[in-house]
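Reading the structure
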Amino acid sequence: MNAASGALVGAAVGNQIGSGSGRTAATLVGAAAGAQIGANACGGQNQPPCT
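Note that the structure is predicted; figures quoted are calculated from it, not measured.

This part covers the packing of helix 1 (residues 3-15) against helix 2 (residues 21-40). Packed helices, taken two at a time, are described by the angle between their axes plus the distance between the axes. It is the contact of helix 1 with helix 2, at a shortest axis distance of 6 Å, that shows an interaxial angle of 150°. By the angle between their axes, helix 1 is roughly antiparallel relative to helix 2. With respect to the hand of their crossing, helix 1 and helix 2 are arranged in right-handed fashion. In contact with Ala3, Gly6, Ala7, Gly10, Ala11, Gly14 and Asn15 of helix 1, helix 2 contributes Arg23, Ala26, Thr27, Gly30, Ala31, Gly34, Ala35, Gly38 and Ala39.

Here you go:
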């Protein structure tokens, strides 16, 4: 998983939460969190490279 795919997954999950502007905020937070998780999933700092 990389940052881009993590952001997509996070945005999709965040989009399922809330309604109106709350949904937009949850989507943005989900995308940011997913990107961070995806970037660190493998090959990140102190992580072995993906195979």
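Attention now goes to helix 2. In an α-helix, one turn spans 3.6 residues, which is why side chains three or four residues apart end up on the same side. The end-to-end C-alpha distance of helix 2, which contains 20 residues, comes to 29 Å, matching closely the 28 Å that a straight helix rising 1.5 Å per residue would cover. Along helix 2, the positions that sit buried rather than exposed are Ala26, Thr27, Gly30, Gly34 and Gly38. The buried residues of helix 2 occupy an angular sector of 100° when projected down its axis, which confines them to one face. For helix 2, the exposed residues set more than 90 degrees away from the buried face come down to Ser21, Leu28, Val29, Ala32 and Gln36.

Now for the environment of asparagine 40. Looking at the secondary structure, you find asparagine 40 in helix 2. Measuring from C-alpha to C-alpha, the distance between asparagine 40 and glycine 6 comes to 9.8 Å, with 34 residues separating the pair along the chain.

Conventions adopted
- Counting restarts for each chain: residues are numbered from 1 in the order of the written sequence.
- Confidence filtering applies because this is a predicted model: local features only for residues at pLDDT of at least 70, side-chain atom pairs given and counted only at 80 or more, and all residues used for totals across whole chains, interfaces and linings.
- Only heavy atoms go into the side-chain values, all of them from the structure, while hydrogens and water stay out.
- Every axis corresponds to a line fitted to the C-alpha atoms, with the helix fit spanning only the stretch in contact, and the corresponding angles, defined between N-to-C directions, vary from 0 to 180 degrees.
- Secondary structure elements follow DSSP: runs of H or I of four or more residues count as helices, runs of E of two or more count as strands, with numbering from the N terminus.
- In this scheme, roughly parallel covers angles under 35 degrees and roughly antiparallel covers those over 145, while 65 to 115 is roughly perpendicular and the rest are oblique.
- In this scheme, a crossing is called left-handed if the near helix is turned counterclockwise away from the far one by less than a right angle; it is called right-handed if the turn is clockwise.
- We call two residues in contact when some of their heavy atoms are within 4.5 Å.
- Expected span of a helix, by definition, is 1.5 Å for each gap between consecutive residues, and there is one gap fewer than residues.
- Residue burial is assigned from relative accessible area. The probe radius is 1.4 Å, only protein chains are included, and a residue is buried under 20% of its type maximum, exposed over 50%, and partly exposed in between.
- Directions drawn from the helix axis to the C-beta atoms are what define this arc.

Scope: geometric values only; no functional claims are made or implied.
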